[in-house]
Amino acid sequence: MTSTAGATTAAETPIADPAAEVELLIGGMTCASCAARVEKKLNRMEGVTATVNYATEKARVSYPAGVEVADLIATVVKTGYTAEEPAPEPTPADTGTDSGVEAPRDPELAALRHRLLISALLAVPVVLLAMVPSLQFDNWQWLSLTLAAPVVVWGGAPLHRAAWTNLRHGAATMDTLVSVGTLAALGWSLWALFFGDAGMPGMRHPFELTVSRTDGSSAIYLEVAAGVTVFILLGRYLEARSKRRAGAALRALMEMGAKDVAVLRDGRETRIPVDRLAVGDRFVVRPGEKVATDGTVVEGVSAVDASMLTGESVPVDVGPGDTVTGATVNAGGRLVVEATRIGADTRLARMARLVEDAQNGKAQVQRLADRISGIFVPVVLLIATATFGGWLGATGDTAAAFTAAVAVLIIACPCALGLATPTALMVGTGRGAQLGILIKGPEVLESTRRVDTVVLDKTGTVTTGRMTLQTVYAAEGTDERELLRLAGALEHASEHPVAQAVAAAAVENGPLPAAEHFENVPGRGVRGRVEGHEVAVGRLFDSLPAELARARDEAERDGRTAVVVGWDGEARGVLAVADAVKETSPEAVRALRALGLTPVLLTGDNRAVAESVARAVGIDEVIAEVLPEDKVAEVRRLQGEGRVVAMVGDGVNDAAALAAADLGLAMGTGTDAAIEASDLTLVRGDLRVAADAIRLSRRTLATIKGNLVWAFGYNVAALPLAAAGLLNPMIAGATMAFSSVFVVTNSLRLRSFR
């Protein structure tokens, strides 16, 4: 999209309401400083408050009456970037496939990949010809020019455009240095080829590791111009691929909801898209279906599985008068629900806004290279200018002055810097993938160094997230296997997760008999006939023998769900069911403590269950019975105490907290919303990998810093030689190649991470 197009779109936008808010899509930003520049310009407008997020390429702007959206877009365009209002969000009915959401952004990434691949294919022969004298044939330099020119001009076009935009607004970034350096190297080479001696047949580029004054007319730097362009394009591609995933957490949240709903109209069920539902409408939710929107049950009883939203491991029994939340799953009988909230007012939509607010509120960490280049780039340009003036004044030789000045730009051109972050990130993330760790980008690594507190979600993170039978207590004179066999036969006919846990445990001991006259007693349990016995399972006994009452109370104190089993009118035993702790969780907690982190258990489950799990894995601090909104508040409370917080979770209920934390780690076995809102993903769903992830991230960050120190250190050390006119072109080429090899080799050490 061009600036003109953006302005045209804006011109057609009507004046908004007073104190309105708009979200703009910002185009053309290449680094965090671009976002800061746009934000500063917008905030200078009277009454306007703006926040620009570089990762999502969006600006959220609040503006007063008298200001039009067109004015906001015009301000962005004047700053050198493009802006437009987002297209209307597709309805849930329109987003049946992911492709409908991702497709609009894919061509841009594909174009960058296309540019990178073609540039790399053209640049490799250029670098080989320059660095391997045995490959140099007569007139090889002209082949190098033919291959290198398209790389620098066409391949580097985005860099040159960004540099020109920044220059027009008085700013210098890495784009400026790369553009000036590569164009200067190409310009020097063209001058040497057409007006100097470099174009002569039989010209060779031998390696002469000596420092001496050189004649600029006999040296070409095409390999520098082409190589730097490709390395920088590689870094941009890796960054763009990571950025394309930003905002997917919001799409994952919204796509969780039901796509259509069976609404009751004139006593008949009519299937309509969920976005056409209105407050007050009554709709039907059958077993296994998602609740379409927030509402109140008016008919039927069932158990609703809200674990993906609330973290509650046990489905909640609901009946007439109880409230239900959109996107939760009906695990039992038929329900009729009256809609109380729709669209943006639902709990799911509010959670989506929480995730977006947390992402926008999290300070975007500027890349280390950009931060250093903020000082380095202007200094290099100043040194190059001073070198040209000094040589011209001292010798009066324009060619010698130009040669020395361009040598400064070339030696400062960040060849190794282009590799410093991408190679370490590629090797680190590749090794991480082998270990079940996905690192989303270099900007998340700095947080791992400072983290001192790790907040762990319970359900699906510390525990399995599945109900399992924990203990069987049989009354005196009752056989445990018989107790479990009869209970399992009856529970096998029920869809309730607690019943399924009992049935699954019973099946392990052998085949189950058939149940007859099965009856589900809403909110209390099930009963029926098994092998001639009238069997009852649940809370169907008015009184219990003392020993069974003690067993039930003990199970409930430990945070387990107690199920009483009996037949022929007599209670015979108690089954304790719970969300089991993962076998590896205690070891994982010890590993996190060994890294200097304080573990905290955070869950929407009840306190008894939470404290039982905490005791089992060795966690001292427990925060229980919190809603998704409260999870964000708890993370921010800990941050307010001066702690740097990492959050590990797996459910939709964790997505906002993962985004709000200084470092978010999602279990790969969890929901897309949690995974996309996180900074690190633990593919295997093993909590022990969380400790590995933090260690690997810290090691990768240290490697990136080491690479950057070398890359800039090499430049700084070589600059005085270049300014003095003592930089032999071959030494420059050799040291530049060595700096790149060093950076790659240093990054490859991450492959040995254990």
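Small disclaimer: the values here were computed from a predicted structure and weren't measured.

Peer 1: How do you make sense of the packing of aromatic side chains when you look at a structure like this?
Peer 2: Ring pairs (aromatic) are described by centroid distance and by the angle formed between their planes. Inspection of the entire model under this criterion finds 2 aromatic pairs. When the ring centre of Trp154 is taken as origin, the NZ or CZ atom of Arg115, which lies over that ring, is 4.8 Å away.

Peer 1: Help me understand the packing of helix H23 (residues 628-640) against helix H24 (residues 652-660) in this model?
Peer 2: For any two helices packed against each other, one specifies the inter-axial angle together with the distance between the axes. H24 packs onto H23 with a crossing angle of 20° between their chain directions and a minimal axis gap of 8 Å. Compared by their axis directions, H23 and H24 come out roughly parallel. In the packing of H23 onto H24, the handedness of the crossing is right-handed. Two secondary-structure elements touch here, H23 through Pro628, Lys631, Val632, Val635, Arg636 and Gln639 and H24 through Asn653, Asp654, Ala656, Ala657 and Ala660.

Peer 1: Just checking my understanding: could you explain the side chain of Thr328 for this structure?
Peer 2: One can find Thr328 in the loop between strand E11 (323-324) and strand E12 (329-330). Engagement of the side chain of Thr328 in a polar contact is seen with the backbone oxygen of Thr325, the distance being 2.6 Å.

Peer 1: Quick question: what am I supposed to make of the UniProt feature "transmembrane region" (unreviewed entry) in the chain here?
Peer 2: Mapped onto this structure's residue numbering, the UniProt feature "transmembrane region" (unreviewed entry) falls at residues 116-136, 142-164, 176-196, 216-235, 372-393, 399-421, 707-724 and 730-748. Taken as a whole, residues 142-164 contains 96% helix and 0% strand, while its terminal C-alpha atoms sit 29 Å from one another. Taken as a whole, residues 176-196 contains 90% helix and 0% strand, while its terminal C-alpha atoms sit 28 Å from one another.

Peer 1: Sorry, what's going on with the environment of Glu289 here?
Peer 2: Looking at where Glu289 falls in the secondary structure, it is placed in the loop between strand E7 (282-285) and strand E8 (295-299). For Glu289 and Ala331, which are 42 residues apart along the polypeptide, the C-alpha to C-alpha distance reads 8.0 Å. Once residues lying within four places of it in the same chain are set aside, the contact partners of Glu289 are Arg271, Val284, Thr328, Val329 and Asn330. A polar contact of 2.9 Å, which involves the side chain of Glu289, links it to the backbone nitrogen of Arg286.

Peer 1: Would you mind showing me how to read the nonpolar core here?
Peer 2: Side chains that are nonpolar tend, in soluble globular proteins, to be buried together. By size, the foremost hydrophobic cluster in this structure holds 50 residues, and its most contacted members are Ile220, Leu222 and Val380. Within the residue set of this core, elements represented by two or more residues are helix H5 (106-131), helix H6 (140-155), helix H8 (174-194), helix H9 (222-243), helix H13 (368-395), helix H14 (398-412) and helix H26 (688-723). Here the element with the most residues in this core is H9; it accounts for 9 residues. Other than its neighbours up to four places away in sequence, Val380 contacts Leu177, Val408, Leu409, Ala412 and Leu719.

Peer 1: How should I be thinking about the environment of Ala616 in this particular structure?
Peer 2: Along the chain, the position of Ala616 falls in helix H22 (residues 607-617). Sequence-wise, Ala616 and Ser585 are 31 residues apart; in three dimensions their C-alpha atoms are separated by 8.9 Å. Excluding its chain neighbours within four sequence positions, the residues that come into contact with Ala616 are Val581 and Pro586.

Peer 1: What is the right way to look at the packing of helix H21 (residues 585-594) against H26 in this model?
Peer 2: At a closest axis distance of 7 Å, the pairing of H21 and H26 adopts a crossing angle of 25°. In terms of orientation, H21 lies roughly parallel with respect to H26. Two secondary-structure elements touch here, H21 through Glu587, Ala588, Ala591 and Leu592 and H26 through Arg688, Ala690, Ala691 and Ile694. Taken together, the residues of the contact of H21 with H26 sort by class into 6 nonpolar, no polar and 2 charged.

About the criteria used
- Residues numbered from 1 in each chain as written.
- Predicted model: local features only at pLDDT ≥ 70, side-chain atom pairs only at ≥ 80, totals over all residues.
- Heavy atoms only, no water.
- Phe/Tyr/Trp six-rings, centres within 6.5 Å; stacked < 30°, edge-to-face > 60°.
- Lys NZ or Arg CZ within 6 Å of the ring centre and 35° of its normal.
- Axes fitted to C-alpha atoms, helices over the stretch in contact; angles between N-to-C directions.
- Helix = DSSP H or I, 4+ residues; strand = E, 2+ residues; numbered from the N terminus.
- Parallel < 35°, antiparallel > 145°, perpendicular 65-115°, else oblique.
- Left-handed = near helix turned anticlockwise from the far one by under 90°.
- Contact = heavy atoms within 4.5 Å.
- Polar contact = N/O pair within 3.5 Å; in protein donor to acceptor, adjacent residues only side chain to side chain.
- UniProt positions renumbered as here; feature names shortened; annotations may be inferred.
- Core = buried A, V, L, I, M, F, W, Y, C linked by side-chain atoms within 4.5 Å.
- Buried < 20%, exposed > 50% of the residue type's maximum accessible area, 1.4 Å probe, protein only.
- Nonpolar A, V, L, I, M, F, W, Y, C, P; charged D, E, K, R; others polar.

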